[in-house]
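Listed below, chain by chain, are the residues.
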Amino acid sequence: MSKHPNRPARGQWRRPVTRMAGAAAALALTSGAPAASAQDAAPAVGGERLARQAVQVAPLAGAPALPPELTGRSWLIADAGTGEVLAARNAHLPMPPASTLKMLFADTVMPKFDRSAEHKVSPAELANLGAGSSLVGVKENLPYRVEDLWRGVFLSSGNDAVHVLAHMNGGLQKTVGEMQSRARALHAQDTRVVSPDGYDMDGQVSSAYDLTLFARAGLRMADFRSYCSTRTARFPGGLDKATGQRTSFDIANTDRLLGKYPGLIGVKNGYTTNAGATFTGAAERGGRTLLVTVMHPEAQGKVYDEAASLLDWGFAAAGKVQPVGHLVEEAGAPSAPATAPPADLPGAAATDLLGWAAQPPILHPGDDPGLAPAAWTAALLGGALAVWAATRTVGRHRTAPAPATAPGCSGGSTAIGGPRSRRRLSRRARALFRTPRGPRPGK
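Residues numbered from 1 in each chain as written. Predicted model: local features only at pLDDT ≥ 70, side-chain atom pairs only at ≥ 80, totals over all residues. Heavy atoms only, no water.

Looking only at helices and strands, the protein chain features 11 helices and 12 strands. Partitioning the intrachain contacts of the protein chain with sequence separation of at least 6 by distance along the chain shows that 67% fall at a separation of at least 24. Just so you have it, the protein chain exposes about 21600 Å², and 54% of that area is on carbon and sulfur atoms. (Helix = DSSP H or I, 4+ residues; strand = E, 2+ residues; numbered from the N terminus. Contact = heavy atoms within 4.5 Å. Areas by Shrake-Rupley, 256 points an atom, 1.4 Å probe, with all protein chains shown as cover.)

It is worth spelling out the pattern of salt bridges at this point. Per the stated rule, a full pass over the model turns up 17 salt bridges. Taking the shortest distance from any N to any O, the salt bridge between Asp79 and Arg288 comes out at 2.8 Å. Of this pair, Asp79 sits in strand 2 (residues 74-79) while Arg288 sits in strand 10 (residues 288-295), and the two are 209 residues apart along the sequence. On the accessibility criterion, Asp79 (7% relative accessible area) is buried. Classification of Arg288 as partly exposed rests on a relative accessible area of 32%. The closest approach of N and O atoms between Arg182 and Glu330, which form a salt bridge, is 2.5 Å. Of this pair, Arg182 sits in helix 5 (residues 172-185) while Glu330 sits in the loop between strand 12 (325-326) and helix 9 (353-357), and the two are 148 residues apart along the sequence. (Salt bridge = Lys/Arg side-chain N within 4 Å of Asp/Glu carboxyl O. Buried < 20%, exposed > 50% of the residue type's maximum accessible area, 1.4 Å probe, protein only.)

Let us look at the side chain of Thr293. If you trace the backbone, Thr293 turns up in strand 10. Assessed through its relative accessible area of 0%, Thr293 is described here as buried. Here the side chain of Thr293 touches Thr280 through a polar contact of 3.0 Å, side chain to side chain. (Polar contact = N/O pair within 3.5 Å; in protein donor to acceptor, adjacent residues only side chain to side chain.)

This paragraph deals with the environment of Gly218. If you trace the backbone, Gly218 turns up in helix 6 (residues 208-218). If sequence neighbours within four positions are ignored, Gly218 has contacts with Asp107, Phe224 and Arg225.

Turning our eyes to something else, we now look at helix 4 (residues 159-168). Summarising burial for helix 4: nine of the 10 residues are buried, a large majority. Taken residue by residue, helix 4 has Asn159, Asp160, Ala161, Val162, His163, Val164, Leu165, Ala166 and Met168 as its buried positions. Structurally, helix 4 contributes buried residues whose contacts are with helix 2 (102-109), strand 4 (118-120), helix 3 (146-155) and helix 5. Phi for Gly170, located one or two positions after helix 4, is positive at around 115 degrees.

Okay, the packing of aromatic side chains next. Using the criterion set out here, one finds seven aromatic pairs in the structure. With a centroid separation of 6.4 Å and an interplanar angle of 25 degrees, the aromatic rings of Phe154 and Tyr227 are classed as stacked. Within this pair, whereas Phe154 is found in helix 3, its partner Tyr227 is found in helix 7 (residues 222-228), the two being separated by 73 residues in sequence. This pair shows no difference in class: Phe154 is buried, exactly as Tyr227 is. Ring pairing ties together the aromatic residues Phe105, Trp150, Phe154, Phe224 and Tyr227, which thus form one cluster. The ring centre of Tyr144 lies 4.7 Å from the NZ or CZ of Arg246, which sits over that ring. (Phe/Tyr/Trp six-rings, centres within 6.5 Å; stacked < 30°, edge-to-face > 60°. Lys NZ or Arg CZ within 6 Å of the ring centre and 35° of its normal.)

Let us now look at the environment of Ala307. Topologically, Ala307 is positioned in helix 8 (residues 302-317). For the pair Ala307 and Leu70, spaced 237 residues apart in sequence, the C-alpha to C-alpha distance is 9.1 Å. Leave out the neighbours within four places in its chain, and Ala307 touches Leu257, Phe279, Val292 and Val294.

The biggest cluster of nonpolar side chains holds 63 residues, and the ones touching the most others in it are Val138, Trp150, Phe154, Tyr209, Phe214 and Phe224. The leading source of residues in this core is helix 6, at seven residues. For Trp150, the contacting residues outside a window of four places in its chain are Phe105, Ala106, Val109, Met110, Leu165 and Tyr227. The next biggest cluster of nonpolar side chains, apart from the first, holds 25 residues, and it includes Ala283, Leu290, Leu311 and Ala317. (Core = buried A, V, L, I, M, F, W, Y, C linked by side-chain atoms within 4.5 Å.)

A cis amide bond, omega 25 degrees, links Gly266 with the succeeding residue Val267. If you trace the backbone, Val267 turns up in strand 8 (residues 264-272). The residue Asn90 is not glycine, and still its phi comes out positive at about 50 degrees. The topology assignment puts Asn90 in the loop between strand 3 (84-89) and helix 2. The exposure class of Asn90 is buried, given its relative accessible area of 13%.

Where helix 2 contacts helix 5, the axes come no closer than 9 Å and their chain directions differ by 95 degrees. Our classification of the angle between helix 2 and helix 5 gives roughly perpendicular. Taking contact as the criterion, the partners of Leu104, Phe105, Asp107, Thr108 and Val109 in helix 2 are, on helix 5, Thr175, Glu178, Met179, Arg182 and Ala183. (Axes fitted to C-alpha atoms, helices over the stretch in contact; angles between N-to-C directions. Parallel < 35°, antiparallel > 145°, perpendicular 65-115°, else oblique.)

Attention shifts here to the pairing of strand 6 (residues 232-239). Bridge count between strand 6 and strand 7 (residues 246-252): six bridges; the pairing is antiparallel. Counterpart to Ala233 in the pairing with strand 7 is Ile251. In textbook terms, the turn of a hairpin is the stretch between consecutive antiparallel strands, and for strand 6 and strand 7 this stretch comprises six residues, one of which, Gly244, has a positive phi near 75 degrees. (Pairing = 2+ DSSP bridges.)

Here the focus is helix 8. With 16 residues, helix 8 ought to run about 22 Å at 1.5 Å a step, and its terminal C-alpha atoms sit 22 Å apart, in line with that. By the burial criterion, the buried members of helix 8 are Val303, Tyr304, Glu306, Ala307, Ala308, Leu310, Leu311, Trp313, Gly314, Phe315 and Ala317. Among the residues trailing helix 8, Gly319 stands out with phi positive, at a value near 85 degrees. (Expected span 1.5 Å × (residues − 1).)

On to the packing of helix 2 against helix 6. Between two packed helices, both the angle of their axes relative to each other and the distance between the axes serve to describe the pair. Their axes nearest at 9 Å, the elements helix 2 and helix 6 cross at an angle of 40 degrees. When the axis of helix 2 is compared with that of helix 6, the two are oblique. The hand of the helix 2/helix 6 crossing is left-handed. For the pair formed by helix 2 and helix 6, the contact residues are Met103, Leu104 and Asp107 on the first element and Leu211, Phe214, Ala215, Ala217 and Gly218 on the second. A per-class count over the contact of helix 2 with helix 6 returns six nonpolar, one polar and one charged. (Left-handed = near helix turned anticlockwise from the far one by under 90°. Nonpolar A, V, L, I, M, F, W, Y, C, P; charged D, E, K, R; others polar.)

Okay, here's the thing in structure tokens:
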């Protein structure tokens, strides 16, 4: 008989939890192989056809032919409203993005600062700019409005303006980390951020698909849309030595299609030695907005010609082609954590851990569904072992009858060390695994 009247005999309440842990371990072994197979077969974000190298298009009757001379190593044309991808080639091919990565920088940092706010630039904020960087002409020890800095980013592709805004945001490394997180939220899985300005860096890549996602997200912000569509602006200069007054000078958008292609909204162009020419644009015609991205054509100037040709084709082909994929929407934040158990395990609410562990993981578009069984099993096994360890520890050290309620709990919740709670835990453990057994593998 137990030495303590409120403690069950040794092994009386421990066996159900132990059996639960063993069953969870067995489930983990049997579910591992299918999970790996599903992972290997995981579809590309936006649709399986977008992972193919060849040109992807599905014309219907009366559809126009694609432009005959498209030399871009990767390109994509999509409807910004519906998200339908009308045609693509190598949409997920990771390549250096050049200054088109500034779209992701704007998506990440622009909402944080009021456009009318002023900031005095320090020398440190203009240090360590890459050799040959495109600059708008920001001067140290002078104040700049945030809106002027953003015009410098979009019109002149100024890396100096990017660095100042990044320092305002807490520094280059913090901004790079936030950009990577923003890319994940947008399901831009091909993107790896190393520098916030798109300067050639080892390992920094994006794709035509991801750049199109960045443009689509940015155009939903009024300020982003305003800056990327601005053709010319006045930018603050230095101080006139004679008068002591602030000077200014004209800057012009380096996007060669802006103001020339009918209905063009923006968005961003780029060029580096490694990336070649890159371009993402948006154009509106007849109430329809199309997005186009072209990466690394045979010659730098062709990026604009090929983008314009794809836009012409897209407006003509609307309604006459079937989509070959889609642009995924931004991930929504889950209402409750799906990857961590409750923090207050020793409390009365710890008995809810089994209910939490029995729930399959929450998956968002672009997640690998093949990992779900393994993740569920790991959560279940971890939860079972945690409850077993906690209850055993509490029971071992309890030398007096358990109080009716746990400290800090209301509504009559039973403490985890009490017999009522242990019996409930045992019942829940048995019920969790009381399911009809199917045939064994191989039979």
